[in-house]
Amino acid sequence: MLTLKGKLVYLRALEPEDLLFLEEVENDESLWKVSETQVPFSKFILRKYLESSHLDIYETKQLRLAIISQETQKPLGFIDIFDFDPAHRRAGVGIVIASSKMRQKGFALESLKLLTNYAITHLKLHQLYANIPEDNMPSRKLFKKAEFVQVGTKKDWMLVDGTYKNEILYQLIKHVY
């Protein structure tokens, strides 16, 4: 699908061979504060998740795609559509580039632009949104570069290491895009 291919990366459906990479990312405790995860996932649970990942987005209300490097053909991370709401034509977006060494190289921005185009073109969405911790400046800059607009602040929204933190809401609306 051309919509999901860029110069640096392409996005593809999850495959059974993604199990070990998925386990690595989902069980990386440094990412839990932004993913709302609080416990590790077993290989059994992740294998079941992969087995059901082929289900239609209209049924599951979510879609996870692997971000693959065009150069190495290896996975770099994942990009998700969640809270898919076809009635109101909106959905949330989340993204992770697993290795900190691979961040700030344009992979996430290209992935986000590819997903945005796919969501608007193929899923006919009117808007996408992202919830980002206020202190996660790299993600905030990423979504701003991808033309998402900051529309609100949820005060004391997340409890992280005993401290309440604000969460920023970003939106991209089709007529603005």
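Within each chain, residue numbers correspond to sequence positions counted from 1 in written order. In keeping with the model being predicted, local features are shown solely for residues with a pLDDT of at least 70 and side-chain atom pairs are shown and tallied solely at 80 or more, while totals for entire chains, interfaces and linings include all residues. Derived side-chain values reflect all non-hydrogen atoms in the structure, with water molecules and hydrogen atoms excluded from consideration.

**Q** Please give an account of unusual backbone geometry that cites residues and values.
**A** Despite not being glycine, Gln-73 has its phi angle at roughly 65°, a positive value. For helices the rule is a DSSP run of H or I covering at least 4 residues; for strands it is a run of E covering at least 2, with both sets numbered from the N terminus onward. For Gln-73, the position within the fold is in the loop between strand S2 (63–69) and strand S3 (75–85). Within the chain, Asp-156 stands out as a residue other than glycine whose phi angle is a positive 45°. Within the element layout of this structure, Asp-156 appears in strand S6 (residues 149–160). Remark: exposure states derive from per-residue accessible area (1.4 Å probe, protein chains only) relative to the maximum for the residue type, with buried under 20%, exposed over 50%, and partly exposed in between. Judged by its relative accessible area of 48%, Asp-156 falls in the partly exposed class.

**Q** Quick rundown of the nonpolar core? Include the residues and the values.
**A** Ranked by size, the top nonpolar core spans 34 residues in total, and within it Leu-11, Ile-79, Ile-81, Leu-112, Phe-143 and Phe-148 carry the most contacts. Contributing elements (two or more residues each) for this core: strand S1 (9–13), S2, S3, strand S4 (90–97), helix H5 (107–121), strand S5 (127–133), helix H6 (137–145) and strand S7 (163–173). The element contributing the most residues to this core is H5, with eight residues. Not counting residues within four places of it along the chain, the set of residues in contact with Ile-79 comprises Leu-11, Leu-63, Arg-64, Leu-65, Ile-67, Val-93, Gly-94, Ile-95, Ser-111, Leu-112 and Leu-115. Throughout, nonpolar core names a set of buried Ala, Val, Leu, Ile, Met, Phe, Trp, Tyr and Cys residues whose side chains join them through atoms within 4.5 Å. For this analysis, residues touch if any pair of their heavy atoms sits within 4.5 Å.

**Q** Which residues make up the sheet that holds S1, and what are the values?
**A** For two strands to count as paired, DSSP must find a minimum of two bridges between them. One open sheet holds the seven strands; their spatial order is S1-S2-S3-S4-S5-S7-S6, and the pairing between them is mixed. The open sheet terminates on both sides in strands that have one partner only, identified here as S1 and S6. Within the sheet, the average angular offset between the axes of one strand and its neighbour, ignoring direction, is 30°. Lying over the sheet, helix H1 (residues 19–26) contacts S2, S3 and S4, oriented at roughly 75° with respect to S3. Axis definition: a line fitted to C-alpha atoms, over the contacting stretch in the case of helices. Angles run 0 to 180 degrees between N-to-C directions.

**Q** Mind laying out the pairing of S6, listing which residues take part and the relevant values?
**A** Taken together, the eight bridges between S6 and S7 define a ladder with antiparallel strand orientation. Bridging from a neighbouring strand, Met-158 pairs with Lys-165 of S7. Linking S6 to S7, which pair antiparallel, is a turn of two residues; within it Asp-161 sits at a positive phi near 50°.

**Q** Give a detailed account of the packing of H5 against H6, specifying residues and quantitative values.
**A** Any two packed helices are characterised by how steeply their axes cross, that is the angle between the axes, and by the distance between the axes. As a packed pair, H5 and H6 sit with axes 10 Å apart at the nearest point and diverge in direction by 45°. The orientation of H5 relative to H6 falls into the category oblique. Handedness of the crossing formed by H5 with H6: right-handed. Within the contact between the two elements, H5 uses Ala-108, Leu-109, Leu-112 and Lys-113 and H6 uses Leu-142, Phe-143 and Lys-145. Residues are grouped as follows: nonpolar covers Ala, Val, Leu, Ile, Met, Phe, Trp, Tyr, Cys and Pro; charged covers Asp, Glu, Lys and Arg; every other residue, Gly included, is treated as polar. By residue class, the composition of the contact of H5 with H6 is five nonpolar, no polar and two charged. Angle categories are assigned with fixed cut-offs, so that under 35 degrees is roughly parallel, over 145 is roughly antiparallel, 65 to 115 is roughly perpendicular, and the rest are oblique. Here a crossing is taken to be left-handed if its near helix is turned anticlockwise relative to the far helix by less than a right angle, and right-handed if that turn runs clockwise.

**Q** Tell me about the packing of aromatic side chains, residues and numbers included.
**A** Any two aromatic rings considered together are summarised by their centre-to-centre distance and by the angle between their planes. Pairing of aromatic rings covers Phe, Tyr and Trp, the last through its six-membered ring, and needs centres within 6.5 Å; plane angles under 30 degrees mean stacked, over 60 mean edge-to-face, and all others mean tilted. Counting across every chain of the model gives three aromatic pairs. Judged by centre distance (5.0 Å) and plane angle (85°), the ring pair of Tyr-58 and Phe-84 falls under edge-to-face. Placement of Tyr-58 in helix H4 (residues 57–60) and of Phe-84 in strand S3 is noted, with a sequence separation of 26 residues between them. Look at Phe-143 and Phe-148: their rings are 4.9 Å apart centre to centre, the planes differ by 85°, and that puts the pair in the edge-to-face class. For the pair formed by Phe-143 and Phe-148, the shared burial category is buried. By definition, being over a ring means that NZ of Lys or CZ of Arg is both within 6 Å of the ring centre and within 35 degrees of the ring normal. Between Arg-64 and the ring centre of Phe-78, over which it is positioned, the NZ or CZ distance is 5.1 Å.

**Q** Please set out the environment of Pro-40 residue by residue, giving values where relevant.
**A** Here Pro-40 shows up in the loop between helix H2 (32–35) and helix H3 (43–52). The exposed category is assigned to Pro-40, whose relative accessible area is 59%. Along the chain, Pro-40 and Glu-23 lie 17 residues apart, while their C-alpha atoms are 8.8 Å from each other.

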